[in-house]
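The lines below spell out each chain.
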Amino acid sequence: MNEIVRKPAMRLWEMQVDDTQAREAAERPEAVHKHDNEVTLRFPALSRNESFARMAAAAFITGLDPTLEELSDLKTAISEAVTNAIIHGYRKGPGEIRMFLATQGMTVYVEVEDYGEGIFDVVKAREPMYTTRPQEERSGMGFSFMEAFMDTLEVISTVGTGTLVRMSKTIRS
Amino acid sequence: MKERHPAQYTVKNRCLYIALLEDLDQHNVDRIRARLDALIDECGSNELVFDFSKVSFMDSSGIGMIMGRYRRLLSRNGIIRAVGVNPSVARIMKYSGLYQILRPEFAEAGMREN
Ligand SMILES: Nc1ncnc2c1ncn2[C@@H]1O[C@H](COP(=O)(O)OP(=O)(O)OP(=O)(O)O)[C@@H](O)[C@H]1O
Ligand SMILES: [Mg+2]
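Undergrad: Hey, could you run me through the overall build of chain B in this one?
TA: Looking only at helices and strands, chain B features four helices and four strands. Across the 114 residues in chain B, those meeting the buried criterion constitute 55%. Contacts in chain B between residues at least 24 apart in sequence constitute 65% of all its contacts with a sequence separation of at least 6. Element-wise, carbon and sulfur atoms account for 49% of the exposed surface of chain B, whose accessible area totals about 5,400 Å².

Following this line, the structure appears as structure tokens:
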């Protein structure tokens, strides 16, 4: 005679919940990634990192198979944002730049942030040909390029705290 | 690590030929500007030719540098030209108005139309 020994069914409130795994997963960065793919780079505000920043961005979006023109648009926009962080944001000395890149579907999201001087008048700064440093052969085209070559541009800045430039572009190829 | 200088300069009479070797961004523009201005003064140049054939990228820093040299040359009745401009650099030039003020002798024929 075979007697099937059954464990009594556990009641929910009796269960020993081991949530360490879940908690660890939540602490792992991938759990907080909100996009298909994303990367954050932090680097010192050195002009030689301008080419690194645009090449990293170009490499990051190759999977979306952008046209040469789209690639050059993104590189220009990133170069402008990073250069601004270096020469305006950290005009007075060294600092760190955070660059965030993400893709969601066919859209690329970019953030370039510095923790430097900030912009006194963002609306004015975004006007074409506006520069606070004409004596240094600046043409005031940086924000205009970002605006022209990306689909969206958002500039959030506080004097004394820093500047965050957010841009996006949908790859249509 | 020693980075190579991003341009090569050749002087012929009073013409200064600048072969650009790297992307024209703030980093490289800073390194080119001083040496270029010293040469312009030294040779009394009244013609500058920028050869862009090895340049695949230029941003507003490059625009500023070329614009600045244009003004310098203008003040001594000189001229400034750009050759070997590729389509993406040409777009930046057009957008900034640089294309219109440079002598329209772009190396790649056919680009003048659009
Ligand atoms: N990250 C930043 N921190 C502080 N100020 C900034 C920053 N980015 C831009 N600005 C301000 O906004 C102005 C306009 O920026 P924009 O990039 O359009 O022109 P520019 O940098 O002056 O010239 P160009 O980009 O043509 O070399 C700058 O002159 C500067 O005063
Ligand atoms: Mg700028």
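Undergrad: When you look at the pairing of strand S3 (residues 107-114) of chain A in this model, what are you seeing that I'm missing?
TA: Each regular strand carries side chains that alternate between the two faces of the sheet. Residue and element names in this part refer to chain A. In terms of residue burial, S3 counts as a mostly covered element, since seven of its eight residues are buried. By the bridge criterion, eight bridges tie strand S2 (residues 96-104) to S3 in an arrangement that is antiparallel. Paired with Gln 104 across the two strands is Thr 107, which belongs to S3. As consecutive antiparallel partners, S2 and S3 are separated by two residues, and within that stretch Gly 105 has a phi angle of approximately 60°, a positive value. Sheet analysis places S3 next to strand S5 (residues 162-170), joined by eight bridges and oriented antiparallel. Bridging across to S5, Asp 114 finds its partner in Thr 163.

Undergrad: How should I be thinking about the interface of chain B and chain A in this particular structure?
TA: Often, the extent of an interface is quoted as the loss of accessible area upon association of its parts. If you look at the interface, chain B gives 19 residues, while chain A gives 24 residues. Interface of chain B and chain A: buried area, both sides summed, is about 1,800 Å²; carbon and sulfur atoms make up 51% of it. If you look at where chain B meets chain A, you find six salt bridges. Put simply, Arg 91 of chain B and Glu 69 of chain A hold a salt bridge, and the shortest N to O gap is 3.8 Å. Between the two partners, chain B and chain A, sit twelve residue pairs in polar contact (both at pLDDT 80 or more). For the side of chain B that touches chain A, the secondary-structure elements that each account for two or more residues are helix H1 (26-43), helix H2 (60-74) and helix H3 (87-96) of chain B. No other element matches the seven residues that H2 of chain B contributes to the side of chain B that touches chain A.

Undergrad: Can you help me understand the sheet that holds S3 of chain A in this one?
TA: Across a sheet, strands are paired by hydrogen bonds formed along the backbone, either parallel or antiparallel in direction. Residues and elements named next belong to chain A. Within the open sheet, the five strands sit side by side as S1-S2-S3-S5-S4. Their pairing is antiparallel. Because the sheet does not close on itself, it has two edges, and the strands there are strand S1 (37-44) and strand S4 (152-158). Strand after strand, the sheet turns through a mean of 10° between neighbouring axes, direction not considered. Relative to S5, S4 is paired through seven bridges, and the arrangement is antiparallel. In the sheet register, Leu 153 faces S5, and the bridge partner there is Met 167. Contacting S1 and S2, helix H2 (residues 49-60) crosses the sheet at an angle of about 175° to S1.

Undergrad: Would you mind going over the state of the cysteines with me for this structure?
TA: All names here are of chain B. All chains considered together, the criterion is met by zero disulfides over all chains. Of all cysteine sulfurs in the structure, the one in Cys 43 sits closest to Cys 15, which takes part in no disulfide; the separation is 10 Å. Residue Cys 15 is classed as buried on the basis of its relative accessible area, which comes to 19%.

Undergrad: I keep staring at the side chain of Arg 69 of chain B and nothing clicks. Help me out?
TA: Secondary-structure assignment places Arg 69 of chain B in helix H2. If sequence neighbours within four positions are ignored, Arg 69 of chain B has contacts with Glu 137 of chain A together with Arg 33, Leu 36, Asp 37, Ile 40, Leu 48, Phe 50 and Ile 80 of chain B.

Undergrad: Would you take a moment to explain the pattern of salt bridges for this structure?
TA: Should the charged atoms of two oppositely charged side chains come close, the side chains can pair. All chains considered together, the criterion is met by 25 salt bridges over all chains. Residue Asp 23 of chain B pairs with Arg 54 of chain A through a salt bridge whose shortest N-O separation is 2.9 Å. Of this pair, Asp 23 of chain B sits in the loop between strand S2 (15-20) and H1 while Arg 54 of chain A sits in helix H2, which puts the two residues in different chains. In this structure, Asp 23 of chain B and Arg 54 of chain A share a single accessibility class: buried. Several salt bridges share partner residues, and in doing so they unite Glu 137 of chain A together with Asp 30, Arg 33, Asp 37, Asp 41, Arg 69, Arg 72 and Arg 76 of chain B into one network.

Undergrad: Explain the site of ligand 1 to me, please; I cannot follow it from the model alone.
TA: The immediate surroundings of ligand 1 are formed by 20 residues, with His 88, Thr 131, Thr 132, Arg 138 and Met 141 of chain A found nearest. Near ligand 1, the surrounding residues are drawn from chains A and B. Separating an oxygen atom of ligand 1 from a side-chain N or O atom of His 88 of chain A is a distance of 2.7 Å. Those elements that provide at least two residues to the shell around ligand 1 are helix H3 (68-89) and helix H5 (142-149) of chain A. No other element matches the five residues that H3 of chain A contributes to the shell around ligand 1.

Reading the values: the criteria
Residues numbered from 1 in each chain as written. Chains lettered and ligands numbered in written order. Predicted model: local features only at pLDDT ≥ 70, side-chain atom pairs only at ≥ 80, totals over all residues. Heavy atoms only, no water. Helix = DSSP H or I, 4+ residues; strand = E, 2+ residues; numbered from the N terminus. Buried < 20%, exposed > 50% of the residue type's maximum accessible area, 1.4 Å probe, protein only. Contact = heavy atoms within 4.5 Å. Areas by Shrake-Rupley, 256 points an atom, 1.4 Å probe, with all protein chains shown as cover. Pairing = 2+ DSSP bridges. Buried area = accessible area lost by both parts, 1.4 Å probe. Salt bridge = Lys/Arg side-chain N within 4 Å of Asp/Glu carboxyl O. Polar contact = N/O pair within 3.5 Å; in protein donor to acceptor, adjacent residues only side chain to side chain. Axes fitted to C-alpha atoms, helices over the stretch in contact; angles between N-to-C directions. Disulfide = S-S within 2.5 Å. Near = heavy atom within 4 Å.

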